[in-house]
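Below are the chains, spelled out letter by letter.
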Amino acid sequence: MAIDIKVKRGLKLRLKGEAEKKKIQAPKSQTYAIIPDNFHSLIPKMLIKKEGTKVKAGEPLFYSKYNEETKVVSPVSGELKEIERGARRRILRIIIEADDTIDYVEHEVINPLDVDAGDLKAHIFEAGCGIFFKQRPYDIPVDANDTPKAIYVSAFNTTPIGADFEFILKGREEHFQTGINALTRLTAGKVYLGIDKTSKSFLHDIKNAELLKISGPHPAGNTGVQIQKTNPINKGEKVWTIRPEDVAILGELLSTGKFNAERTVAVCGSDAEDRAYYTTLIGAEINSIIEEVDTLKTRIISGDVFTGDWSHNGDHINFFNNEITLIPEGNQYRMFGWLPFKDNHIPSFSNTSLSRLSSKKKFEVNTSLNGEERALVVTGEMEKVMPMDILPMQLLKACMTGDIDKMENLGIYEVIPEDFACAEYVNTSKIEAQEVIRQGLDIMITEVG
Amino acid sequence: MNWIRKKIDKVKEPFQEGEKFEKFAPAVNALDTFLFVPKDTTKKGSHIRDAVDLKRTMITVVIALIPALIFGIWNAGYQHYTQLGEEFTFMDAFIHGAYKIVPMIIVSYAVGLGIEFAFAVKRGHEVNEGYLVTGLLIPMIMPVDIPLWMVAISVAFAVLIGKEAFGGTGMNILNPALTARAFAFFAYPTYMSGDKVWVSEATEMSSVSGETILGSLAAGKEVAYESASMFSGLIPGSISETSTLMILIGALVLIATKVGSWRIILSGFIGAAVMGLIFNALGSSVFSGNDLMNFPWYNHLIVGGLAFGVVFMATDPVSAAQTLKGKWIYGFLIGFFGIMIRIFNPAYPEGIMLAILLLNVFAPTIDHYVIQGNIKKRQKRLKVKTA
């Protein structure tokens, strides 16, 4: 039985530069990197301490200091080239120089529906797939000792020029189903799979999961919205989320015994030249897929325009990202740009720009802040892009003041930064809403746990 | 364009970080950003941002005010010449009005922005654009003959006590423009009410009857104007409050651009109409000798400051209720109480000013209950789970 979710409030933003639906095998990256910062709040403890050690694909590199079961494994076989450290010896990157052919750690082949649930969980975490799960509340890596009340997978990407999960998963349908089967053993409740209501893909035939047929504008595809509409998180409850391509990696691990860190990365954005889907491995170099760009003119985003990280030439793709977005930098002055109905090529959610009139036009948007940060003055705009039953401005203010009771009452457990991306985009006062929510969540982690 | 930019960058050099006049950077930046949208790019979070910013929002309100302002300027001259019985042309009236009103606007901006700049430099933040609107609103709601020094003092009071004392833009409880008017109203009542202040230079003539409609009703006199004049605005009153037509044009601009809350505007008029209807229905049967009670409800909507207050003052997002449900309640109560004060208290014929200030104070309370509603839903869910 499927549940229909119709989202009304949200942001319809049409950007130029969607990736073409063709898969290209990306050239092999020289090095691959795991960036511990991709796993918020995780403190890595290295298992392989010496640089120059040979590692296999799927061999654990480090574990989480506070959740020892959570291990992060190497996506590729080769030599541990460098453990790059920053201030106070904090680990910034673990760089592995890849071999020509990948040598995998051999795991047992398991049918997830036949084995003991505890053994299955231990196996998944030992093999390095536990790090794929994120815990709500807080958007942090999960604790292997928890049993979540539900697991959510959203295979519907509503972000502007976002990568299409259905296309990415093409050819990995069986692994995806196996992965979903495994998820059902990890939770006390159900596994929910969010899919595009209008598409007719294999995702509609996935078994062992409660299908959520979703329609509506961004952020309808965010798990946050889907959780709130079906099974909202209360205080003390935990829900796990996992990205669909990682479900496929998990499925492949169980059915072949190999940790195949395959990542299909969409190259998109108005400044990207060869816009397509490139198949590579987790943590590949950005420049193994795109040419070097002039970063004064073009911004490289590892991820999507709303939640991605600002990257540079020579960086590696973040662990969870399946997009490289290239958009123009907006570091130019605009004369009298603040006048209403001037510069209509910049889209606006408010009606102070004629950009709202054309319903088909696609926009080229740059990174300009289009103004400066100001006090929160305008009300009612964030609510229009917030489909969850959350009072966005009040929650933001509670986070700013660090008022724990208020945050809790206003639903901090139900949100993660990405749920505020639209609010951040439309905000007149240019408040960094996602950062504010992140800080609020961090306060909750330290104060409430 | 490029050479202007270069010139400005050159002028700004001594104000950069670590330079001699670093402290005054907010003041210079405020002027610079009026020419150019700065080249700031996104640093954290979303990499793209909406085209709208606070400057654009505030300028949109200023644009919405322009029809009412221009009509107010012309009407000041029109009232002056007709009451004096002199011949005049359109331009005569306009020039007379401008001669009276433009200096008030200049004084308001000079004093208000001066204080804003000083606070920005002192507190080290950028100058917020809110005063662009407030500074224009203050002269628009004053009687035409008010001395300039009173405007200056009212502005200073409004910005210092009404706004900066609470922490600056975004933190104030009361609408600053109305704070200025309320201050002038209670500090200098003889300049703010009566039958001589609403028509320019009426004090020099003994024969002028320049009373506002509400003033004459409160005094138990006949109203000498048709509903059509009340709607078009050819009546004495504060500078820009008279023309409901022009105010509605402004309201359309605010609603079409989504800058003003249509919820507040609509519910404000509904609230006023409901109260007007109640008093019309009661008529003189309950309270005798109050002509305002028998004043038709639709006329209540188009005389006095009701329309101007509901459209431009009540919609100030900072002092209004912030939640969507709260806005309905807030707007309705402003209209409702505005008419009630107007009718019950002839000493303050302009009830809407007091009603908005009152509801400004209660807006956080209204929000509190709306927010509690959201919280209760969440707690109920938790209780069902744990039970």
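Residues numbered from 1 in each chain as written. Chains lettered and ligands numbered in written order. Predicted model: local features only at pLDDT ≥ 70, side-chain atom pairs only at ≥ 80, totals over all residues.

> What should I look at first to understand the overall build of chain A in this one?
Along its length, chain A carries nine helices and 21 strands. Relative to the 2.2 N^0.38 estimate, which gives 22 Å for 449 residues, the radius of gyration of chain A is 21 Å and therefore close to what a compact globule would have. Across its three principal directions, the C-alpha atoms of chain A cover 65 × 50 × 45 Å. Counting over 449 residues, chain A shows a buried share of 55%. The contacts of chain A with a sequence gap of at least 6 include a subset with a gap of at least 24, amounting to 68%. (Helix = DSSP H or I, 4+ residues; strand = E, 2+ residues; numbered from the N terminus. Rg over C-alpha atoms; globule rule 2.2 N^0.38 Å. Buried ≥ 20, exposed ≤ 12 C-beta atoms within 10 Å, placed from the backbone. Contact = placed C-beta atoms within 7 Å.)

> Hey, could you run me through the nonpolar core in this one?
One finds A:Ile151, A:Leu193, A:Leu250, A:Val267, A:Ile289 and A:Leu395 to be the most contacted residues of the largest nonpolar core, which totals 133 residues. Sort the elements by how many residues they give to this core and helix 5 (residues 244-256) of chain A lands first, with six residues. For A:Leu395, the contacting residues outside a window of four places in its chain are A:Ile390, A:Met407, A:Leu410, A:Gly411 and A:Ile412. Judged by nonpolar contacts, the second largest core, of 102 residues, contains B:Leu69, B:Phe183, B:Met293 and B:Val310. (Core = buried A, V, L, I, M, F, W, Y, C linked by C-beta atoms within 7 Å.)

> I keep staring at the domain arrangement of chain A and nothing clicks. Help me out?
Accessible area lost when the parts come together is the quantity often used to give the size of an interface. Residues and elements named next belong to chain A. Domain assignment breaks chain A into domain 1 (2-21 + 108-256), domain 2 (31-98) and domain 3 (369-447). Facing the eleven residues of domain 1 at the interface are 13 residues of domain 2. Those elements that place two or more of their residues in the side of domain 1 that touches domain 2 are helix 1 (117-126) and strand 11 (140-141). The residue inventory of the side of domain 1 that touches domain 2, partitioned by class, reads six nonpolar, two polar and three charged. (Domains from an automatic or database assignment. Nonpolar A, V, L, I, M, F, W, Y, C, P; charged D, E, K, R; others polar.)

> Looking at this model, I keep getting lost on the interface of chain B and chain A. Mind explaining?
Taken together, the 51 residues of chain B in the interface contact 61 residues of chain A. Elements represented by at least two residues in the side of chain B that touches chain A include exactly helix 2 (25-35), strand 1 (36-37), helix 3 (54-84) and helix 17 (351-386) of chain B. Of the residues contributing to the side of chain B that touches chain A, the split by class is 19 nonpolar, 18 polar and 14 charged. As paired elements, strand 21 (residues 334-335) of chain A and strand 1 of chain B share two bridges and run antiparallel to each other. Each residue of the ladder has a partner; that of A:Arg334, found in strand 1 of chain B, is B:Val37. (Pairing = 2+ DSSP bridges.)

> Help me out: how do you make sense of the sheet that holds strand 4 (residues 44-46) of chain A in this one?
Backbone-to-backbone hydrogen bonds pair the strands of a sheet. The strands run either parallel or antiparallel. All names here are of chain A. Strand order across the open sheet formed by three strands is 4-6-7, with antiparallel pairing between neighbours. Of all strands in the sheet, those with a lone pairing partner are strand 4 and strand 7 (71-73), marking the two edges. Ignoring which end each strand starts from, the neighbouring axes of this sheet average 30° apart. Taken together, the three bridges between strand 6 (residues 60-64) and strand 7 define a ladder with antiparallel strand orientation. (Axes fitted to C-alpha atoms, helices over the stretch in contact; angles between N-to-C directions.)

> Teacher, can you tell me more about the pairing of strand 20 (residues 323-328) of chain A here?
It is a general feature of regular strands that their side chains alternate between the two faces of the sheet. Bridge count between strand 16 (residues 262-268) of chain A and strand 20 of chain A: three bridges; the pairing is parallel. Looking at the pairing, A:Cys268 lines up with A:Thr325 of strand 20 of chain A.

> Help me out: how do you make sense of the pairing of strand 16 of chain A in this one?
All names here are of chain A. Of all seven residues making up strand 16, six are buried, and the element is well covered by its neighbours. Pairing geometry for strand 16 and strand 17 (residues 277-281), over five bridges, is antiparallel. Paired with Glu-262 across the strands is Leu-281, a residue of strand 17.

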